[in-house]
Amino acid sequence: MTAAECAALGGIYQGDYTNCGSSPCEAGACCDGLVCTETRRFECTGLNLFFPGVTCASNPCAEPTIATPHAAGQMQSPNQWDAGADPMIETAPGSRIWTITFSGLTVNGRYEWKVTDGTWTHNLPSANSWFYASAAGDSTLTYDSNFYSDGWSPTRDRLGVSVDAGTWTAVGDFLSELGGADWNNADPHGAMAPQGGGIHKLEVTGLPAATYAWKAVKTGTWDSISWDARSVNTANWQFTVGAATDTVAFWVDGLVGRAKVEVTAAPEYCLGDLNCDGQVAFSDINAFVLYLSNTPAWLTTYPGCPLKNGDINDDDSYPGFGDINPFVTLLSTSSLPIICP
Ligand SMILES: [Ca+2]
Ligand SMILES: [Ca+2]
Ligand SMILES: [Ca+2]
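Cut-offs applied
- Residues numbered from 1 in each chain as written.
- Chains lettered and ligands numbered in written order.
- Predicted model: local features only at pLDDT ≥ 70, side-chain atom pairs only at ≥ 80, totals over all residues.
- Helix = DSSP H or I, 4+ residues; strand = E, 2+ residues; numbered from the N terminus.
- Rg over C-alpha atoms; globule rule 2.2 N^0.38 Å.
- Buried ≥ 20, exposed ≤ 12 C-beta atoms within 10 Å, placed from the backbone.
- Contact = placed C-beta atoms within 7 Å.
- Pairing = 2+ DSSP bridges.
- Axes fitted to C-alpha atoms, helices over the stretch in contact; angles between N-to-C directions.
- Arc of directions from axis to C-beta.
- Core = buried A, V, L, I, M, F, W, Y, C linked by C-beta atoms within 7 Å.

Asker: Describe the overall build of the protein, with residues and values.
Answerer: Each helix and strand counted, the protein has four helices and 21 strands in total. What you see for the protein is a C-alpha radius of gyration of 27 Å, clearly larger than the 20 Å of a compact globule of 341 residues, by over 25%. The dimensions of the protein, computed from C-alpha atoms along their principal axes, are 80 × 65 × 40 Å. The 341 residues of the protein split such that 32% are buried. Partitioning the contacts of the protein with sequence separation of at least 6, the portion at a separation of at least 24 is 55%.

Next up, the structure:
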């Protein structure tokens, strides 16, 4: 609202560029990958990283967020949360990856921690991070300050651990649409399947077109990895489904400390459905013969039917006789009818 509207309500105008959030007018550096622009906090959106009070002159998007990382937290002894006691060691000069191993921990115990600069002046993530000790009571923590454009997030400041948390759930407001309960962090509809190497995945279809939010959590807890961090209070991650036929794939990498969500639209064709009735069956044989022998007549008979439907071997060459044998194979080796996606 304007200053006048605010005054009419008896309020105190907080100034331009403010909203109902905590400190939205704060200026700083906004990093879109390695590209830096100076913005207000509320203007730095999406997966971009915001460094309050920082200008682009120091090139914050290319430099490690913390150049002298230390690990501080509940795993330290004798004093927990000692910002300067446990420096992390760079794996190789210039690697921008630092590690530290703690041992003598509670077997399979859970610990909260942060990366500090040796003091409490700069630390991350904003909420505490977390890890679990191994069955031998140790754990190696990693701080990776490199920027990655590998499709996973966070794109920098990844916090790695040597012990995967175990079972993971994709939790969010999409779960009720799947028959579960929204934001139930133990909902079986959100259970992610282990893919090996600490990676877990859930793939779903049938979500009505809408924008949803999610995050990956250790099942039954709020220990999470999202686009912003591995922490006890990660940000929600939005994704948009365009149609119920879209496939949504949720991924988490519990060791590296990264996650991603991929929405894939169903293909706009159906290989083998030559009469465009939504399924592949023997009733497509005559249509396929017409398709090959007189394509213009086929187009007239089945208006709007994708020509690609006849590209049975999916080599993007069609119409062509090379698809005859694949068509015979498709019909003779499949359980018919095949319902189009
Ligand atoms: Ca819902
Ligand atoms: Ca058909
Ligand atoms: Ca073909």
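Asker: Let's hear about the sheet that holds strand S10 (residues 158–161): which residues, and what values?
Answerer: Working definition: the strands of a sheet are paired by backbone hydrogen bonds and lie parallel or antiparallel to each other. Strand order in this open sheet of four strands is S5-S6-S9-S10, and the pairing throughout is antiparallel. The sheet terminates laterally at strand S5 (89–90) and S10, the two strands that pair on one side only. Note that strand S6 (residues 97–102) and strand S9 (residues 139–144) share six bridges and pair antiparallel. Considered in S9, the bridge of Ile97 is made with Asp144.

Asker: Explain the sheet that holds strand S18 (residues 247–253) to me, using residue names and the numbers behind them.
Answerer: Strand order in this open sheet of four strands is S12-S13-S18-S19, and the pairing throughout is antiparallel. On the outer flanks of this sheet lie strand S12 (193–196) and strand S19 (258–264), each paired with one strand and no other. Each strand of the sheet is rotated relative to its neighbour by a mean of 25°, with strand direction disregarded. In the sheet, strand S13 (residues 199–205) pairs with S18 via seven bridges, with the strands oriented antiparallel. Residue pairing in the sheet places Ile199 in a bridge with Asp253 of S18.

Asker: Summarise the environment of Arg258; cite the residues concerned and give the values.
Answerer: Mapped onto the elements, Arg258 comes out in strand S19. Arg258 sits 186 residues away from Ala72 along the chain, and the two C-alpha atoms are 21 Å apart. Not counting residues up to four positions away in its chain, the partners in contact with Arg258 are Trp152, Ser153, Pro154, Arg158, Ile225 and Asp253.

Asker: Go over helix H2 (residues 285–293) with me, naming the residues and quoting the values.
Answerer: Residues of H2 that are buried include every one of Ala287, Phe288 and Tyr291, and no others. Down the axis, H2 shows its buried residues gathered within 100° of arc, on one side only. Relative to its buried face, H2 has exposed residues pointing more than 90 degrees away, namely Asn286 and Ser293. Where the residues of H2 are buried, they touch helix H3 (295–301) and helix H4 (324–333).

Asker: An account of unusual backbone geometry is requested, with residue identities and associated values reported.
Answerer: The linkage connecting Ser153 with the following residue, Pro154, adopts the cis geometry, with an omega of -5°. Tracing the backbone shows Pro154 in the loop between S9 and S10. Residues Tyr318 and Pro319 are joined by a peptide bond in cis, for which omega reads -15°. Counting through the fold element by element, Pro319 comes out in the loop between H3 and H4. For Asn108, which is not glycine, the phi torsion reads 60° and is therefore positive.

Asker: Talk me through the nonpolar core; I want residue IDs and the actual numbers.
Answerer: Grouped together as the largest cluster of nonpolar side chains are 22 residues, with contacts concentrated most on Ala71, Tyr111, Trp113 and Phe131. Every element with two or more residues in this core is listed here: strand S4 (70–73), S6, strand S7 (110–116), strand S8 (123–132), S9 and S10. For this core, the element with the highest residue contribution is S8, accounting for four residues. Among the nonpolar cores identified, the runner-up in size contains 21 residues, and Trp168, Leu202, Trp214 and Val252 belong to it.

Asker: Residue-level account of the environment of Val217, with values.
Answerer: Residue placement: Val217 occurs in strand S14 (residues 210–218). With 26 C-beta atoms counted inside 10 Å, the residue Val217 sits in the buried group. For Val217 and Asp315, which are 98 residues apart along the polypeptide, the C-alpha to C-alpha distance reads 40 Å. When residues no more than four places from it in sequence are discounted, the contact partners of Val217 are Trp168, Thr169, Val171, Asn185, Trp222, Asp223 and Ser224.

Asker: A description of the environment of Gly304 should follow, citing residues and the corresponding values.
Answerer: On the secondary structure map, Gly304 appears in the loop between H3 and H4. As for Gly304 and Cys276, which are separated by 28 residues in sequence, their C-alpha atoms are 8.7 Å apart.

Asker: Talk me through the pairing of S12; I want residue IDs and the actual numbers.
Answerer: Where S12 lies against S13, three bridges are found, and the strand directions are antiparallel. From the neighbouring strand, Pro194 faces S13, where its bridge partner is His200. Where S12 hands over to S13, the hairpin turn is made up of two residues, of which Gly197 adopts a positive phi near 65°.

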